[in-house]
Structure formats: structure tokens, C-alpha cells
Amino acid sequence: MKIIILGAGQVGGTLAENLANEQNDITVIDTDAARLRELQDRIDIKTVYGRGSYPQILADAGADDADMLVAVTNSDETNMVACQIAYTLFRTPTKISRIRSAAYLKQRDLFNNDAFPIDVLISPEQVVTNYISRLLQYPGALQVLDFANRKVQLVAVRAYYGGPLVGQDVKTLKTHLPETNARVAAIFRRGQAIEPTGSTVVEADDEVFFVAAKHHIKKVMSELRRAEDSYKRIVIAGGGNIGYRLAKQLEKDYQVKLIEFHKERAHFLSENLNRTVVLLGSATDKSLLEEENIENTDVFCALTNDDETNIMSSLLAKRSGARKVMTLINKSAYVDLVQGGMIDVAISPQQATIGSLLTHVRRGDVVNVHSLRRGAAEAIEAIAHGDQSSSKVVGRPIHDIPLPPGTTIGAIVRGDEVIMATSKLVVESDDHVILFVMDKRHIPDVERLFQVGLGFF
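Residues numbered from 1 in each chain as written. Predicted model: local features only at pLDDT ≥ 70, side-chain atom pairs only at ≥ 80, totals over all residues. Heavy atoms only, no water.

What to know about the pattern of salt bridges
In step 1: Tallying each qualifying case throughout the model produces 23 salt bridges.
In step 2: In this structure, K151 and D416 form a salt bridge, with 3.9 Å as the shortest nitrogen-oxygen distance. With K151 in the loop between strand 7 (141-147) and strand 8 (152-158) and D416 in the loop between strand 20 (407-414) and strand 21 (417-420), this residue pair connects regions lying 265 residues apart in the sequence.
In step 3: Among the ionic pairs, R189 bridges to D206, the shortest N-O distance being 2.7 Å. Of this pair, R189 sits in strand 9 (residues 182-189) while D206 sits in the loop between strand 10 (192-194) and strand 11 (207-213), and the two are 17 residues apart along the sequence. Judged on exposure class, the residue R189 and its partner D206 are both buried.
In step 4: One continuous salt-bridge network, built from bridges that share partners, spans E17, R35, E38 and R42. (Salt bridge = Lys/Arg side-chain N within 4 Å of Asp/Glu carboxyl O. Helix = DSSP H or I, 4+ residues; strand = E, 2+ residues; numbered from the N terminus. Buried < 20%, exposed > 50% of the residue type's maximum accessible area, 1.4 Å probe, protein only.)

Rendered as C-alpha cells:
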């Protein structure tokens, strides 16, 4: 595909890297020449210096025959105008825009061909808020991802010494939980991916990804680690877009405190939040944390715009007795450095967001994409179409489907029924197939599997 990306920031740069590695024709537009040079030195893309909402700049980037425009600059207005121009002057088929302001997002009638012709709205702040909210529902989870309208979830947990399944074969999961619908989809051991078979032994410290029906998640987690009490007391550091949205989402069900450094913003938060206690001060102030009984806190979420502040406040909170710390980290190089030590969960906003964007780029009928292991792997939900003569998957048992290396089918959702994958399970038309792809180089092969032959039409 020929794709134009507006904005070479964290989200735009990560997206360009993902798509360029999949043999797409990528052009990135930005007003930061140094950032464009850095991207071009690292990945095989074209760059155009200038404002992406200007018609001539879009023309220079090849908008005349582009398949898709992805506008992810920091300015909602620039993104919206760029989509309007791409539609009016260039008839670009697909236009995706990042919109941050709730003032725009509330007015859904704005985003249609009669106003701003935007096909897909992406709100990274809301994506990250939902991501953290799901993690809080399952104490001990490293990642929780939804598929098939939340009928199925993919959960990553670190196996603890003493867990019932630790030291046992994967196949014993069915023996331990005979009534539970679940399957181990992948294991990462010391950073290396392992494609699990029934005889694979789970070891302590393995990062285990399993697929299960939503109501079975907690039972399966208890097989891999000690059961943890539900979270009650949450402290949020940083009252920006993400911190504010998370507090708003959580305050009905949790005791929430929010620490904000800027006085004017703290006043806004106190006026617009109902049950959240808003504190004016610095999250790196040890005495403030102690005054607020940080040792009794279940989860400390560091969500400021500054990575260093997030990391330092998280370490301070953990050392002062907080049960769990979740830390927002924009610089991808930092994520692997800190997670698994004193920081329990490192959250990369661009990796959380990238799946929403990739869903609309994938060929075949792909309805969900989630980036895993900092972009090294992907979980995909694809819908099977056609019949045995026009499809490579429909009418075939799973063991006859030519899956690429490192790719497994975890589950199939057929109507309201969740079916765990077995080698003899036959895929039917309209099945939602949940796949785990450990090597992203094979994504195009997976896409081709779910493309229907011309004979079907």
C-alpha cells in the first residue's frame, strides 16, 4: 500500500517503522527536519518537510495516488484539515486521524463526508486509558487484550515459582481446569519466543500468553501465579489527558487520588472529577507520598508527560511500599530496561495505539490487531470468508492450514460460542479466528491466508 503519514513523533515514527518493515510504500511529512533525517537514516521511507495540511505538501508526498492518509500530528486541527484536503483534492480512499480533544470527540457528526471526511478516529489517550483500566481488572496481568467484542481475551502473565502449572506440562492445564476454556498461545523465556506444545514445561519467570473466554481469565491466572486481591486504592501521578480520563473512568469503582503539579490544572481536575481526591504537588516528593499513605496503595500509576519523572516517582512509590506500580514510558528504549524490576508494568502509549492503526492497514478481513512484546509479535483477529475452493482456511482442519512459522491459532469465535483451537477443529465461513504471530516478518503470509480467491466473487 502507498501510505502517507503526517507527523514523525512517537506514534507516527513507530507506525512508519512497522509499515516500512512490511514492504509498504511510506512517506512521512513533518515540520521537524532533524526528526525526518533520523527516521530516514533508520528505516527505508520517503520524507517530505513541511506542514501536512498544505495541498502542495500533500501533492509532493504523492497524495494523487495514495491508498491511505494517517494524520497523527499533535494538532487536531492540522489532522482534520489534512483529511479534508486529501478527500476534496486527491480523493484519498482511507483517511485516519488522531483526535485528542474531547470537545471534538463528543461531536461525532463532525466526522463524515459532509463535514470532516475522516474514516477512522484514533484517540491514543483513550486507547491507553482503556488499556490501563483492563490491567486493573486483573491484578498481576502484564497485558490484557480484547477480541470478538470482548468474548475472548488474550492475557500475558509472568509465571511465579509455586504456581500450580509451573514445572508442569502445558497440557496439564486442561486436567487442572477441566471446565475452563483456555489455551496457552505463546511463551517468552529470557526474551526468546517459544511455540508451546502439549509437552512444553512452564518455568518460573516465563511470560505466558494465554487465550480464554473472558469469564475464565482469573481461573487460568491462578494456575500461573498466586491469586491477588482486587485493587481498591489507586494513586495517579499526572493530571493530563490520560490521568484525567483514567480518574474519571475509575472513580466510581475505586478510591482514587490524583497528584498534579500545576495549580491551574489541579483546579480544573478538582472541579471536573466527582470522587477523586486531587492533590497539588510533585509525584517525586517523598514526604507527600508518605503523607498520603503510599504504603497502603494498591496501584501507583505514573502518567505524566515526562518519562524520567514517571520512572523516578514509580521507583520511589515502590520503595515506599506501594503494592504495584504502572509507568507510562514514551521512549521505547526505556521500556525493556525497567519492566520486570521494581516497575511492575511499563506502558508504551505508541505500542498500545499502533494496533488500532494497523487494523486498518492489514489486508484480508482483519478486525483487530494488537502489538505484543514491544512490537516484536502480534495478535490478530481475522474473519474467515469464502468456501473450500476459494479460501485457504475455510473447510479445513487447523492441522491442514499452511500457517507460517511461529504462527498459532489460539481460538475461534463462532457466533456467541468460543472454541479453543485443536488440530482437528475445522474453520467455517464467518468464524473469527484469533492468531498469535511471533515473527512479524510473516504477517503478509497470514494476510494472504485470509484473502478470498476471485472465484468467490
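Some words on the packing of aromatic side chains
The relative placement of two aromatic rings is captured by the distance of their centres and the angle of their planes.
In step 1: This structure, assessed with the given rule, holds three aromatic pairs.
In step 2: In this structure, R91 is placed above the aromatic ring of Y87, and the distance from its NZ or CZ to the ring centre is 4.6 Å. (Phe/Tyr/Trp six-rings, centres within 6.5 Å; stacked < 30°, edge-to-face > 60°. Lys NZ or Arg CZ within 6 Å of the ring centre and 35° of its normal.)

Some thoughts on the pairing of strand 2 (residues 25-30)
In step 1: For strand 2, the tally of buried residues reaches five of six residues, placing the bulk of the element in the interior.
In step 2: Direction of pairing for strand 1 (residues 2-6) relative to strand 2: parallel, over a ladder of five bridges. By the bridge assignment for strand 2, L6 is matched with I29.
In step 3: With respect to chirality, the unit in which strand 1 leads through helix 1 (residues 10-20) into the neighbouring parallel strand 2 is right-handed.
In step 4: Crossover connection from strand 2 via helix 2 (residues 33-42) to parallel strand 3 (residues 46-49): handedness right-handed. (Pairing = 2+ DSSP bridges. Right-handed = clockwise from strand over helix to strand, strands pointing away.)

Details of unusual backbone geometry
In step 1: Phi angles above zero are rare outside glycine, and D205 is one such case at about 80 degrees.
In step 2: Counting through the fold element by element, D205 comes out in the loop between strand 10 and strand 11.
In step 3: With a relative accessible area of 55%, D205 lands in the exposed category.
In step 4: In this structure, N293 is a non-glycine residue whose phi angle is positive, near 55 degrees.

Examining the sheet that holds strand 7
Sheet strands pair by backbone hydrogen bonding; their relative direction is either parallel or antiparallel.
In step 1: Across the sheet, five strands lie side by side as 7-8-11-9-10; this open sheet has antiparallel pairing. Of all the strands in the sheet, just strand 7 and strand 10 have a single pairing partner and so form its edges. Between one strand axis and the next, the sheet turns through 20 degrees on average, direction left out of account.
In step 2: In terms of strand pairing, strand 7 meets strand 8 through six bridges, oriented antiparallel. Across the sheet, residue Q143 finds its bridge partner in strand 8, namely A156.
In step 3: Relative to strand 7, helix 6 (residues 124-137) is tilted by about 115 degrees, and along the sheet it contacts strand 7 and strand 8.
In step 4: On top of the sheet, helix 8 (residues 217-224) reaches strand 7, strand 8, strand 9 and strand 11; it is set at about 155 degrees to strand 11, its chief contact. (Axes fitted to C-alpha atoms, helices over the stretch in contact; angles between N-to-C directions. Contact = heavy atoms within 4.5 Å.)

Here we look at the packing of helix 1 against helix 14 (residues 349-358)
In step 1: Here helix 1 crosses helix 14 at 55 degrees, and the two axes come no closer than 10 Å. The orientation of helix 1 with respect to helix 14, classified from their angle, is oblique. Crossing geometry of helix 1 relative to helix 14 is assigned as right-handed. On the side of helix 1, the interface is formed by Q10, V11, T14, L15, N18 and L19, while helix 14 contributes Q350, Q351, T353, I354, L357 and L358.
In step 2: By residue class, the composition of the contact of helix 1 with helix 14 is six nonpolar, six polar and no charged. (Parallel < 35°, antiparallel > 145°, perpendicular 65-115°, else oblique. Left-handed = near helix turned anticlockwise from the far one by under 90°. Nonpolar A, V, L, I, M, F, W, Y, C, P; charged D, E, K, R; others polar.)

Focus on the packing of helix 6 against helix 14
In step 1: The contact between helix 6 and helix 14 brings their axes to 9 Å, and the two run at 105 degrees. As the angle between them shows, helix 6 and helix 14 are arranged roughly perpendicular. Between helix 6 and helix 14, the contacting residues are P124, V127, V128 and Y131 on the first element and P349, A352, T353 and S356 on the second.
In step 2: When the residues that make up the contact of helix 6 with helix 14 are grouped by side-chain class, the tally is six nonpolar, two polar and no charged.

Observations concerning the side chain of D344
In step 1: Mapped onto the elements of the fold, D344 is located in the loop between helix 13 (332-338) and strand 17 (345-347).
In step 2: A distance of 2.9 Å separates polar atoms of two side chains, one belonging to D344 and the other to K318.
In step 3: A polar side-chain atom of D344 sits 2.8 Å from the main-chain amide nitrogen of V325. (Polar contact = N/O pair within 3.5 Å; in protein donor to acceptor, adjacent residues only side chain to side chain.)

Regarding the side chain of K2
In step 1: Along the chain, K2 falls in strand 1.
In step 2: A polar contact is formed between the side chain of K2 and the side chain of D65, at a distance of 2.6 Å.

A closer look at the nonpolar core
In step 1: Judged by nonpolar contacts, the single largest core of 71 residues is most densely connected at L154 and F436.
In step 2: Ignoring any residue separated from it by four or fewer positions in sequence, one finds F436 in contact with L154, A185, A186, F188, F209, L372, A377, E378, G406, T407 and T408.
In step 3: Counting residues in hydrophobic clusters, the runner-up holds 46 residues, among them I43, V366, V446 and F450. (Core = buried A, V, L, I, M, F, W, Y, C linked by side-chain atoms within 4.5 Å.)

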